[in-house]
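Chain by chain, the residues run as shown.
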Amino acid sequence: RAQGRPLSPAAMVVKTEVCTFSGARIYPGHGITFVRQDNKTFKFVSAKVKCYFAHRWNPRKLAWTQMYRRLHKKGTLEETNKKRTRKVQKSGANKAIVGATLDVIKARRNQKPEVRAAAREAALREVKERQRAKQAAKKSAPKPSGGAKPQDKPMGKQPKQPKGGKGGQRR
């Protein structure tokens, strides 16, 4: 302390590095630096992390790495409420569509619900009548006899599916 002034905690700034694999802070005097043949440098916080990097482990699959935590939305301090913007509602009857002119659309919109329900029921009845007619036509049609049987799949050996290594999550 110079001239009776206390040291503020913000006065000491320590330059830290970030581990390329785990995302942890590396304080001065700690960590391992690895330089690849293509001159790219990697900083690791510990030998464990360096070993995982050397064995090509995926940091997204290790639950204690920052990359995993970011990917799975863990430990976000402030829940940011996204602004939900409402879509502008277009008025549906300002354009004619295929098969209906603008006048027809407006007339249908202004119809009473009972009329609309009755029209829908009539249309459904008509569709059901058509289906019944088809069924009756099928039943009355003569069956072809003595023809060739439809062949099933050959009973040979089915090909094996791959076992799928490296698919699961690691520790």
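A quick note: this is a predicted structure, and the numbers were derived from the prediction, not measured. (Residues numbered from 1 in each chain as written. Predicted model: local features only at pLDDT ≥ 70, side-chain atom pairs only at ≥ 80, totals over all residues. Heavy atoms only, no water.)

Colleague: Would you mind showing me how to read the packing of aromatic side chains here?
Modeller: Given two aromatic rings, their pairing is described by the distance between the two centres and the angle made by the two planes. Tallying each qualifying case throughout the model produces 8 aromatic pairs. Pairing Phe-21 with Tyr-52 gives two aromatic rings, centres 6.5 Å apart and planes at 45°, and the pair type is tilted. On the criterion of sequence distance, the pair formed by Phe-21 in the loop between strand 1 (17-18) and strand 2 (25-26) and Tyr-52 in helix 1 (residues 47-54) is long-range, its members being 31 residues apart. Here the two residues Phe-21 and Tyr-52 agree in accessibility, since each one is buried. Plain terms: the ring middles of Tyr-52 and Trp-64 are 6.1 Å apart, the flat faces sit at 40° to each other, and that makes the pair tilted. Of this pair, Tyr-52 sits in helix 1 while Trp-64 is found in the loop between helix 1 and helix 2 (66-71), placing the two residues 12 residues apart along the sequence. Trp-64 gets classed as partly exposed once you look at its relative accessible area, which sits at 37%. In this structure an aromatic cluster arises from ring pairing among Phe-21, Tyr-52, Trp-57 and Trp-64. (Phe/Tyr/Trp six-rings, centres within 6.5 Å; stacked < 30°, edge-to-face > 60°. Helix = DSSP H or I, 4+ residues; strand = E, 2+ residues; numbered from the N terminus. Buried < 20%, exposed > 50% of the residue type's maximum accessible area, 1.4 Å probe, protein only.)

Colleague: Help me understand the nonpolar core in this model?
Modeller: In globular proteins that are soluble, nonpolar side chains generally tend to be buried together. Judged by nonpolar contacts, Cys-19, Phe-21, Ile-26, Phe-42, Phe-44, Val-49, Tyr-52, Trp-57 and Leu-62 together constitute the single largest core of 9 residues. Within the residue set of this core, elements represented by two or more residues are strand 4 (41-44) and helix 1. Ignoring sequence-local partners within four residues, the contact set of Phe-44 consists of Cys-19, Thr-20, Phe-21, Ile-26, Gly-31, Ile-32, Phe-34, Val-49, Lys-50 and Phe-53. (Core = buried A, V, L, I, M, F, W, Y, C linked by side-chain atoms within 4.5 Å. Contact = heavy atoms within 4.5 Å.)

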